[in-house]
Amino acid sequence: MSRAALRRARAAAQLLHRPRALGVADVVGRLLAVQAQDLRATRLALRARSSGLTAADVDAALTAERSVVVAWLMRGTLHLVGRDDYPWLLGLTAPTRLATSRRRLAQEGVSADEAERAVSIVARALADDGPLTRPQLAERIAAQGIRTEGQATPHLLMLASLRGVAVLGPLREDGGHAFALTRDWLGAAPSAELAGAERDTALAELARRYLAAHGPAAPADLAAWSGLALRDARAGLKAIASELAEGDDDLVDLAAREPTPDAIPARLLAAFDPYLLGWKDRAFAVPTRYAKRVHPGGGMLRATATVDGRAVGTWSSAGGRPKLEPFGRLPAGAGAALATEADDVARFVATSARPS
């Protein structure tokens, strides 16, 4: 498969050709998980994949419909996922993060006993008075003599999430994202760890759903994206071997794949967009000579303009219309197509009912 064909196949798997108008839960379900430490960027990631979607639609899915939630999942990072996918994703990913969580809390001056007490405090506060914001929960924890300074609070709330106690659900009118008690918000408390046949089934589903949004891909790509061990990625793919088509370079894809379009329309992708985070190596989409402009370091991944799935520049919008910073001369017609995209970004942002 040529680099261009691979790029188009992956961009189409990511819905960047916008095959049809989809709702928030449908887009999230296809992608399985969307990185969500920056909710404004998360909203924009969904915009790029469905025509006519509004920021208010995303907020309603989180707050009124409860069809999607945010929790610490893949790679110990906040992700937006469907409510039905959240329990098994948590059961797969949480056990891999607990040791890291304990180590980080110890570095912040929080003992293991204090951390477990903090989780109980969060559960009680959310049961009695939730949903509550991060500052409100930090105040409850600090009142019991547990350190909340520095990065202690986010790591304590992460531990509550890894335990299946809390999720980020409703948005407040001021734009704040509030934590909710999982069993109240979703109707049941999930298992924070899967084992045996349950885990095997979840690994198979992970592999199937990952390929739906990322194929063609290799086992190492699935491992890098999920944060699971390579042996788990291989086990999941082996479990669905009868559903796969094999290619070169260890790549596999779902055999029942819709035909790839001849070209992928120009898109303005948000910072931390799934298209730039879904594989171990993003060189298929970002020319090596421009890699530092997209990923300058320090954990940053900039908003990127793509044409036919290939990065052609970065963009920014400091409260106004998106401003493009191209890497060089744009392909014929790309300037007008990206201007149309910029108009749609402005439309989308204007539909938000809350501050970004």
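Residues numbered from 1 in each chain as written. Predicted model: local features only at pLDDT ≥ 70, side-chain atom pairs only at ≥ 80, totals over all residues. Heavy atoms only, no water.

Let us now look at the overall build of the protein chain. Along its length, the protein chain carries 14 helices and eleven strands. Compactness check: the protein chain gives a C-alpha radius of gyration of 20 Å against a globular reference of 21 Å for 356 residues, within 12% of the reference. Its C-alpha atoms give the protein chain principal-axis dimensions of about 65 × 50 × 35 Å. Here the contacts in the protein chain between residues at least 6 apart in sequence split such that 67% fall between residues at least 24 apart. Of the accessible surface of the protein chain, which amounts to about 15100 Å², a share of 50% is contributed by carbon and sulfur atoms. Across the protein chain, the centroid of the 46 positively charged side chains sits 5 Å from that of the 39 negatively charged ones. (Helix = DSSP H or I, 4+ residues; strand = E, 2+ residues; numbered from the N terminus. Rg over C-alpha atoms; globule rule 2.2 N^0.38 Å. Contact = heavy atoms within 4.5 Å. Areas by Shrake-Rupley, 256 points an atom, 1.4 Å probe, with all protein chains shown as cover. Lys, Arg positive; Asp, Glu negative; His and termini not counted. Charge placed at Lys NZ, Arg CZ, Asp CG, Glu CD.)

Before going further, it helps to spend a moment on the packing of helix H5 (residues 86-107) against helix H10 (residues 196-214). To characterise two packed helices, one gives the angle between the axes of the helices and the distance between these axes. H10 packs onto H5 with a crossing angle of 105 degrees between their chain directions and a minimal axis gap of 10 Å. Classified by the angle between their axes, H5 and H10 sit roughly perpendicular to one another. Contact residues: H5 offers Trp88, Leu89 and Leu92, while H10 offers Arg199, Ala202, Leu203, Glu205, Leu206 and Arg209. Residue classes in the contact of H5 with H10 are distributed as six nonpolar, no polar and three charged. (Axes fitted to C-alpha atoms, helices over the stretch in contact; angles between N-to-C directions. Parallel < 35°, antiparallel > 145°, perpendicular 65-115°, else oblique. Nonpolar A, V, L, I, M, F, W, Y, C, P; charged D, E, K, R; others polar.)

Following the sequence through the fold, alanine 245 ends up in strand S6 (residues 244-246). Residues alanine 245 and alanine 339, 94 residues apart in the sequence, show an inter-C-alpha distance of 38 Å. Here alanine 245 is in contact with Leu251, Val252, Asp253 and Ala255, once residues within four sequence places are set aside.

So, about the nonpolar core. In terms of nonpolar packing, the biggest core is built from 124 residues, with Leu46, Leu80, Leu206, Leu211 and Tyr275 touching the most fellow members. Looking at which element gives the most residues to this core, the answer is H10, with nine residues. Not counting chain neighbours up to four residues away, the residues in contact with leucine 80 comprise Val28, Leu32, Ala33, Val34, Ala36, Thr42, Leu46, Leu62, Val68, Val69 and Val70. (Core = buried A, V, L, I, M, F, W, Y, C linked by side-chain atoms within 4.5 Å. Buried < 20%, exposed > 50% of the residue type's maximum accessible area, 1.4 Å probe, protein only.)

Moving on to a negative patch on the surface. Residues Glu246, Asp248, Asp249 and Asp250 make up a contiguous surface patch of negative charge. Considering the arrangement of structural elements, one finds aspartate 248 in the loop between S6 and strand S7 (252-254). Aspartate 248 gets classed as exposed once you look at its relative accessible area, which sits at 54%. (Patch = residues over 30% accessible without salt bridge, like charges linked within 9 Å, V, L, I, M, F, W, Y side chains within 5 Å. Salt bridge = Lys/Arg side-chain N within 4 Å of Asp/Glu carboxyl O.)

Two faces, one strand: in a regular strand the side chains alternate between the faces of the sheet. For strand S10 (residues 310-316), a buried count of five out of seven residues is recorded, marking the element as mostly surrounded by other parts of the structure. Pairing analysis gives four bridges linking strand S9 (residues 304-307) to S10, with the strands arranged antiparallel. The partner of valine 307 across the bridge, within S10, is arginine 310. Taking the residues that link successive antiparallel strands as the turn, the S9-S10 hairpin has two residues, and the phi of aspartate 308 there is positive, at about 55 degrees. (Pairing = 2+ DSSP bridges.)

Turning our eyes to something else, we now look at the sheet that holds S10. Think of a sheet as strands paired side by side through backbone hydrogen bonds, with each pair either parallel or antiparallel. In spatial order, the strands read S8-S9-S10-S11; together these four strands make up an open sheet with antiparallel pairing. With partners counted over all chains shown, the strands left at the sheet margins are strand S8 (267-269) and strand S11 (323-326), one partner each. On average, adjacent strands in this sheet sit at an angle of 35 degrees to one another, irrespective of strand direction. Direction of pairing for S10 relative to S11: antiparallel, over a ladder of four bridges. What sits directly across from glycine 313, in S11, is proline 326.

Everything listed here is a matter of coordinates, which is why it stays silent on function.
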